[in-house]
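# Results of the structural survey
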Amino acid sequence: MNKDYYNTLGVNKTASKDEIKAAFRRAAIKNHPDKGGDANKFKEINEAYQVLSDENKKSQYDQFGQTFDGMGGAGAQNPFGGFQGGQGGNVNFEDLGDIFGNIFGGGFRQQTQTASARNRGRNIEVDMNVDFMESVWGVTKHIELYKNIKCKKCNGDGAEPGTKVNTCSKCKGSGQVERVQRSILGAIRMASRCDDCNGLGKKPEKECKKCRGTGIIKDSSKIEIKIPAGISGGETLRLGGQGEAGAYGAQAGDLYINVRVKKHPDFVRDDYNIITQEKISFPDAALGIKKDVKTVDGEVELKIPSGIQ
């Protein structure tokens, strides 16, 4: 008896490729055995998708109610063999996306994360107070941070000076080792980080005694920070690579400076304008006057016209 693949996925015969894929994803999430679903139902869903997502197989199925693919009559009953006897099926994990999370031992995205990204140094965030005039004209500040820095003895490569850095013998320089895991889908070949070289693909012949092969140590570091002229309170400056150093030669993190501007007794900033106040008497307002007023450039003579409000 021929199977109704359209009914299995819950779509009609005019469904587009995108609609078929979306239906497959929904059904796979609901019925995957590692998520508490029905194993037999999941097999049927995968079988239906393998046919309906392939134009040639779909055409054969629409015309004859079955697919052959060079397998003769057996193809009509079980076009993919596979699931019986643990032979595995043609599951396209790109179509599944990341819907299975950590079903397969940590998830594909985690296992394919590069060593450089994994060992990248942490970002650092600090607050810095500047005077009002410093925010107007700009200023250079210096701060000292106690953080992970590159080991000066080995220059960050983790090897004792005078020794070599060799290709990892376990992963042959790839940074990954393969393993085979059995599941409802059959035998799945998976790559995981090499624990011998920490996924770097290389190993020091002799580890640096100062940093113990990590390439980083804790120490104080003085950093010069240039505050640009016209900066406003609440703005954040980013200094690339000035955060903590990355382990095993990976990229350093960034330093973020949250700027706080102190209040000034005479001036208030309004966007790009600076406001100050001067008090004058009623006669001066009626008759007009010349008065010295403070500005960020120093005192200037201001002519106040007669009759000013």
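Residues numbered from 1 in each chain as written. Predicted model: local features only at pLDDT ≥ 70, side-chain atom pairs only at ≥ 80, totals over all residues. Heavy atoms only, no water.

## Focus on the environment of aspartate 266
Put simply, the rule reads: Numbered from the N terminus, helices here are DSSP runs of H or I no shorter than four residues, and strands are runs of E no shorter than two. Contacts are assigned to residue pairs that have any heavy atoms within 4.5 Å of one another.
Among the secondary structure elements, aspartate 266 is positioned in the loop between strand E9 (255–261) and strand E10 (268–270). Apart from the residues lying within four places of it in its own chain, the contact partners of aspartate 266 are Ile275, Thr276 and Lys294.

## Brief notes about helix H4 (residues 55–64)
Three- or four-residue spacings in an α-helix give side chains the same orientation, since the helix completes a turn every 3.6 residues. Worth spelling out the cut-off: Any residue under 20% of the maximum accessible area for its type is buried, any over 50% is exposed, and the rest in between are partly exposed; the area is computed with a 1.4 Å probe on protein chains only. The reported arc concerns the directions from the helix axis to the C-beta atoms and nothing else. For the purposes of these results, a polar contact is taken to be a pair of N or O atoms within 3.5 Å, where, inside protein, one atom must be able to donate a hydrogen and its partner to accept one; residues adjacent in sequence count only when each atom of the pair is a side-chain atom.
Within H4, burial applies to Lys57, Lys58 and Tyr61. Summarising the axial view, the buried residues of H4 lie within an arc of 100 degrees, below the 170-degree limit, and thus occupy one face. Exposed residues pointing more than 90 degrees away from the buried face of H4 are listed as Glu55, Asn56 and Gln63. Structurally, H4 contributes buried residues whose contacts are with helix H1 (5–9), helix H2 (17–31) and helix H3 (39–52). Where H4 begins, the side chain of aspartate 54 points an oxygen toward the backbone nitrogen of asparagine 56, at a separation of 3.0 Å. Glycine 65 sits one or two residues past H4 and shows a positive phi near 80 degrees.

## Examining the sheet that holds E9
For clarity, the cut-off: A strand pair is defined by DSSP finding two or more bridges across the two strands. Comment: axis = line fitted to C-alpha atoms, over the contacting stretch for helices; angle = value between 0 and 180 degrees taken between N-to-C directions.
Strand order in the open sheet formed by 3 strands is E1-E9-E8, and the pairing between neighbours is mixed. Whereas interior strands pair on both sides, the edge strands pair on one side only; in this sheet they are strand E1 (124–130) and strand E8 (236–239). Between one strand axis and the next, the sheet turns through 25 degrees on average, direction left out of account. As judged from the 7 bridges shared by E1 and E9, these two strands associate in the parallel manner. If you follow valine 130 over to E9, its bridge partner there is valine 261.

## Concerning the pattern of salt bridges
The condition that has to hold: By convention in these notes, a salt bridge is any Lys or Arg side-chain nitrogen within 4 Å of a carboxyl oxygen on Asp or Glu.
With the rule as written, the count across this model stands at 13 salt bridges. A salt bridge links aspartate 254 to arginine 120; the shortest N-O distance between them is 3.4 Å. Remark: arginine 120 occurs in the loop between helix H8 (115–118) and E1 and aspartate 254 occurs in the loop between E8 and E9; sequence separation between them is 134 residues. When its relative accessible area of 6% is taken as the criterion, aspartate 254 is described as buried. For arginine 120, a relative accessible area of 30% corresponds to the partly exposed category. The partner of glutamate 160 in a salt bridge is lysine 153, and the shortest N-O contact between them spans 3.1 Å. Taking the relative accessible area as the measure of exposure, glutamate 160 reaches 12% and is therefore buried. On the accessibility criterion, lysine 153 (37% relative accessible area) is partly exposed. One continuous salt-bridge network, built from bridges that share partners, spans Arg120, Arg238 and Asp254.

## Focus: the packing of H3 against H4
What counts is decided by this rule: Any angle from 65 to 115 degrees is called roughly perpendicular, while one under 35 is roughly parallel, one over 145 is roughly antiparallel, and all others are oblique.
At a minimum axis distance of 6 Å, the contact between H3 and H4 shows a crossing angle of 100 degrees. Comparing their axes, H4 and H3 come out roughly perpendicular. Side by side, H3 and H4 meet where Gln50, Val51 and Leu52 of the first sit next to Lys57, Lys58 and Tyr61 of the second.

## Remarks on the pairing of strand E13 (residues 298–304)
Relative to E13, strand E12 (residues 289–295) runs antiparallel, the two being bridged by 7 bridges. The residue of E13 that forms the bridge with lysine 291 is leucine 302. Connecting E12 to the antiparallel partner E13 that follows it, the hairpin turn spans 2 residues.

## Notes on the confidence of the model for the chain
Rules: As a per-residue quantity, pLDDT reports the predictor's confidence and falls between 0 and 100.
For the chain, the mean per-residue pLDDT works out to 81, and 82% of the residues sit at or above 70. Note on residues 98–112: pLDDT under 50 across the span, and 34 contacts to partners over four residues away in sequence or across chains.

## With respect to unusual backbone geometry
Unlike most non-glycine residues, asparagine 155 shows phi in positive territory, near 60 degrees. Secondary-structure assignment places asparagine 155 in the loop between strand E2 (139–150) and strand E3 (165–167). Given a relative accessible area of 57%, asparagine 155 falls into the exposed group. Phi angles above zero are rare outside glycine, and aspartate 271 is one such case at about 60 degrees. Relative to the helices and strands, aspartate 271 is located in the loop between E10 and strand E11 (273–275).

## Remarks on the environment of lysine 203
Looking at the secondary structure, you find lysine 203 in strand E6 (residues 202–204). Each C-alpha atom of the pair lysine 203 and lysine 164 lies 8.7 Å from the other, and the pair is 39 residues apart in sequence. The residues contacting lysine 203, other than those within four sequence positions of it, are Lys164, Val165, Asn166, Cys168, Asp196 and Cys197. Within polar-contact distance, the side chain of lysine 203 engages the side chain of aspartate 196 at 3.4 Å.

## Quick word on the nonpolar core
Short version of the rule: By nonpolar core is meant a set of buried Ala, Val, Leu, Ile, Met, Phe, Trp, Tyr and Cys residues that side-chain atoms within 4.5 Å join together.
Membership of the largest hydrophobic core comes to 17 residues, with the highest contact counts inside it found for Tyr5, Leu9, Val11, Ile20, Phe24, Leu52 and Tyr61. Elements with a minimum of two residues in this core: H1, H2 and H3. Per-element tally for this core: the top contributor is H3, with 6 residues. If we ignore the near neighbours within four places in the chain, the residues touching leucine 52 are Tyr5, Tyr6, Leu9, Ile20, Lys58 and Tyr61. Within the second largest apolar cluster, 15 residues are counted, among which are Ile124, Val126, Ile223 and Leu255.

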